Amino acid sequence: MKKILALFIVIITLSACSLNEEQTYTTELVPVAEVNFPTEFATDSITYIPMKYIKPTSCHLYNGIFYEATGLTRVVAIETIKVNQDNCQADNVTVTEVNLKFKPIAEGIYHFKFFSGINSQGQDEFLEFDATVDH
């Protein structure tokens, strides 16, 4: 009898939830505003590269770092999740710092491209740095 009563309470509770309040999310890349970039790295050693970005709205939540490696070139951006709702407030003031964890596995000159926005012609722009890994 207790199991039937518990099952009945669970069914009532679940049926009371409204499906109309379901929120949707989108993933957005946000520009890196500033990078404190070292010029040398050591092979098989972890270096944390501090990056700052500006939160566009109150609905943008940090979701991680977009990182794409091709040869010795690295493309980096800030990945956010944007909650799609009507009450988002423009922010453009809140500066957040996150660290890129980088561990080179080979010697050479690594070229980093940090996404810094889109120009008036619609082209991606980057903060670009080179780093030597020589030991």
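Let us look at the structure shown here.

What counts, and at which threshold
Residues numbered from 1 in each chain as written. Predicted model: local features only at pLDDT ≥ 70, side-chain atom pairs only at ≥ 80, totals over all residues. Heavy atoms only, no water. Pairing = 2+ DSSP bridges. Helix = DSSP H or I, 4+ residues; strand = E, 2+ residues; numbered from the N terminus. Contact = heavy atoms within 4.5 Å. Phe/Tyr/Trp six-rings, centres within 6.5 Å; stacked < 30°, edge-to-face > 60°. Buried < 20%, exposed > 50% of the residue type's maximum accessible area, 1.4 Å probe, protein only. Lys NZ or Arg CZ within 6 Å of the ring centre and 35° of its normal.

Before going further, it helps to spend a moment on the sheet that holds strand β7 (residues 95-102). Spatially, β2-β4-β7 is the arrangement adopted by the three strands of the open sheet, whose pairing is antiparallel. The outermost strands of the open sheet, each flanked by one partner alone, are β2 (34-35) and β7.

To continue, consider the environment of proline 38. Topologically, proline 38 is positioned in the loop between β2 and β3 (40-41). Measuring from C-alpha to C-alpha, the distance between proline 38 and aspartate 130 comes to 9.0 Å, with 92 residues separating the pair along the chain. With near-sequence residues (within four places) excluded, proline 38 lies in contact with Thr47, Ile49 and Ala131.

Bringing the side chain of threonine 47 into the picture now. With respect to the helices and strands, the residue threonine 47 is situated in strand β4 (residues 47-54). Beyond its immediate sequence surroundings of up to four residues, threonine 47 is in contact with Pro38, Phe41, Leu100, Lys101 and Phe102.

Right, let's get into the packing of aromatic side chains. Here the structure, examined in full by the defined rule, presents 12 aromatic pairs. Their ring planes at 80° and their centres at 5.0 Å tell us that phenylalanine 41 and phenylalanine 102 sit as a pair that is edge-to-face. Note that phenylalanine 41 is positioned in strand β3 and phenylalanine 102 in strand β7, a separation of 61 residues in sequence. Judged by centre distance (6.2 Å) and plane angle (25°), the rings of tyrosine 53 and tyrosine 62 are stacked. The class for tyrosine 62 is partly exposed, based on a relative accessible area of 39%. Lying across the ring of phenylalanine 126, lysine 113 places its NZ or CZ 4.6 Å from the centre.

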